[in-house]
Every structure is written in C-alpha cells, then in structure tokens.
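What follows is the residue order along each chain.
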Amino acid sequence: MRYTVTNKALLLAGLAAVTAFALAEPAAAQQARDQIRVVGSSTVYPFTTTVAERFSQTGGFKAPIVESTGTGGGMKLFCGGVGTQHPDFTNASRAMTKGEFEQCAANGVKEIVEMKVGFDGIAVALKKGSTPVNLKREEIWLAMAAQVPQGGKLVPNPYKTWKQVNASLPDWKIEVMGPPPTSGTRDSFVELVMDHGCKAFPEIKAITDKKAQSAACGKIREDGAFIEAGENDNLIVQRLASGQQGVMGVFGYSFLEENMDKLVGAKVDGVEPDADTISSGKYPVSRPLFVYAKKAHIGVVPGMKEFMAEYVSDRAMASGGYLEKKGLVSMPKAEIEKVRSQVTGLANLAM
C-alpha cells in the first residue's frame, strides 16, 4: 500500500496522540490517590497516627494511612521509587543512613525533606512490682551479646541469669523481649547500649579490625535469652504485664509512659528513664525521632504540605502539645523553630 502525504500526516498525528497519552498516563495514575500513605517505625507510629487523626479533623483531607513496618522496612518501601505505588512518608526512630540515602537516589527519590519530631528513650522495662534494678551498659552487653570475654578470649555467651553477670543483680533468668533487626529501636539499642557496653572489655579493644569489632559488639545472642517480639511494641507490654518477675522488654519510652500502671523502667547507668532525663540527655539511651517526606509527591498526593505543617505546629510538637501528652519528649523551642523553617521551606536533606 502506498501512503499519500495526507495519510502520512494522519499516521504521524495518531502516533503523536498515542505517545502523548502514554506519557501522560503516569501523571494521571499519580493523581488517582487522594490519601497520604505513611510507613516505618513502630516507635514513631503512635505519634504519626495522632497527627493523622488531628489532620483529618481540621484540614479537609482524608486521614492518612499509617503502617508500622519498622524503620528499616519503611526505608526500603520509601526508597523504592517515585509514584503512588510508593509511600509518601516514612517514620524513623533513627536518622536515615548514607546507604539508604544513596538507595533512594538510585531509585529516583532524589529530594527528601527531613522532619525531626522530638526525642525518645529506649526503655528496659519490667513488670510493675519487680525488684528495682540498675543496669550498667556493660552488664546489658554481657547478658545480650552472642559472644563474651572468658579467659582472655571471646566465647559463646554462657550466662543464664543476671546474677551470673553481676553478683549484685537479682537471680533472674536472662529473658529479654525486643525488636527485630528491621527496627530502628534495635539499631539504636545496638548503637547506644551494645556498642558502648562492649568497649569496657580489653578483649574487644584488642580487635583491631573495625568491622570485626563492630560485629563482636553488636551481635545479639540467638539461644533464646533474647526474644524477637516483632514490630508491635504493645505485644511486649502485654507479655511483660502478664508474665513473671524478671522478664524484661526493650522498646521506646513512650510505651513505658503509657503503661506506668503495669510496668516499671530499669535504671541504666544509674539514671531512670523519664521525660526530663531524656530531653536533657542524662538518660544514656536517648535518641531523636524523624519523619521523612518524598518531595516529588508534594502537589501530586493532596494534603502533604498541610500534614507536615500540622506535625510541626506548636499544638502538636511544642511543650504541652498533644504529642507530648502522647509520650513524645519535645525539643527546645529554638530547635522546633529550626525544624519548622526547614519543613516550611521544603529544604532538601543532604548527606
């Protein structure tokens, strides 16, 4: 068949229309979602769900969908790419790592807004009525590490009770429930407790290879003394409250504060976990909490700017705000103003 000039023009016009539709389709698909999606940390989850509820009541938008996937799991989902099949925000109980930042960039997530939302402490909690304990971080490491010093070398952890770790501690079986490796709470626990506690021992100092030393410090025993209880910290609370004296749980301070009628926090290095010791930095197992926003989704998924504005508002974030009443330890006023300025200006995270 021979095409005339007119036929060719019509054909080219048709192809152009199909191409234009194909190029426009992703944008149309993005517009299809009218509800914010948040993933990430179980520790930050109750704070973000509270903001989501207030946001839906006052902003004229649907309540965001908030999922508890753990910090590491949330980062994988968040950094998976741009488009409505990927989440808009991720909660994190630690700062985004350089590796996660690079993974985001490799998948097209090149502009990220970081919101520091407050502070939290990692509590070591027991059933209320238990004998009060004061645990040094090196004692926690000896109880929890996969390998510990014995006779000048590292051996598989032989300790079965806390009294074997230190004769002044109760004769309780070592049984600690805590988060899985995907959790930011687990990362922070390793960094702030395990990595610090191990450095008191010459056998660890003698390991000159940094990777080998880090592995020796951070590897938690897998013989049943440490029980991975999943991402739902409320399950740990329930098990502690209904269990026997001496069983311990590791989770964010806000879960302890909400359950003071059932639980008590152990002192760590002589300091009791509470809002004052956490905000001042006196409690040695304190950490900042974050929410990360995907800038490419702003203007595509309705309400993202407004949701962020609600999160950094005084009624939410400031001292006396509804997040503090929920258990979040608020930041100093000057730091809140700095965060608010970064969020309002949509400042890009830089590593």
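Residues numbered from 1 in each chain as written. Predicted model: local features only at pLDDT ≥ 70, side-chain atom pairs only at ≥ 80, totals over all residues. Heavy atoms only, no water.

Looking at an unreviewed UniProt entry, one finds the protein chain named PstS family phosphate ABC transporter substrate-binding protein, with Ferrovibrio terrae as its source organism.

### Let's talk about the nonpolar core
Heads up, the condition is: Only buried residues count toward a nonpolar core, which is a set of Ala, Val, Leu, Ile, Met, Phe, Trp, Tyr and Cys residues joined through side-chain atoms within 4.5 Å. Burial classification: accessible surface area is computed with a 1.4 Å probe over protein chains only, and a residue below 20% of its type maximum counts as buried, one above 50% as exposed, and the rest as partly exposed. Numbering goes from the N terminus for both helices and strands, where a helix is a DSSP run of H or I of at least four residues and a strand is a run of E of at least two. Domain start and stop points were drawn from an automatic or database domain assignment. For this analysis, residues touch if any pair of their heavy atoms sits within 4.5 Å.
Among the nonpolar cores identified, the biggest contains 88 residues, and Phe-89, Leu-135, Trp-141, Trp-162, Phe-251, Met-308 and Tyr-311 are the most heavily contacted of them. Take this core: its biggest share by element is nine residues, from strand 4 (residues 112-127). Taken domain by domain, this core gets at least three of its residues from each of domain 1 (37-120 + 287-345) and domain 2 (121-286). Residues within four places of Phe-251 in sequence aside, it is in contact with Gly-121, Ile-122, Ala-123, Ala-125, Thr-185, Asp-233, Ile-236, Val-237, Leu-240, Leu-256 and Leu-263. Core analysis: the next-biggest nonpolar cluster, separate from the first, contains twelve residues, Cys-104, Val-109, Phe-290 and Tyr-292 among them.

### Considerations on helix 4 (residues 98-106)
How we decide: The arc refers to the directions leading from the helix axis to the C-beta atoms.
If you check which residues of helix 4 are buried, you get Glu-100, Phe-101 and Cys-104. An end-on view of helix 4 places all buried positions within 105 degrees of arc, on one side of the element. For helix 4, the exposed residues set more than 90 degrees away from the buried face come down to Lys-98 and Ala-106. On the buried face of helix 4, the contacting elements are helix 3 (71-78) and strand 4. Looking at the residues trailing helix 4, positive phi occurs at Gly-108, about 90 degrees.

### Remarks on the pattern of salt bridges
For clarity, the threshold we go by: Each reported salt bridge corresponds to a side-chain nitrogen of Lys or Arg within 4 Å of a carboxyl oxygen of Asp or Glu.
If you walk through the whole model with that rule in mind, you get 16 salt bridges. The partner of Arg-33 in a salt bridge is Asp-88, with the nearest N and O atoms 2.7 Å apart. Pair noted here: Arg-33 is in the loop between helix 1 (5-31) and strand 1 (37-40) and Asp-88 is in the loop between helix 3 and strand 3 (89-92), with a separation of 55 residues, a long-range link. With respect to burial, Arg-33 and Asp-88 carry one shared label: buried. The closest approach of N and O atoms between Arg-94 and Glu-100, which form a salt bridge, is 2.7 Å. Take Arg-94: its relative accessible area is 13%, and that puts it in the buried class. Taken together, the shared-partner salt bridges connect Arg-94, Glu-100 and Asp-187 into one network.

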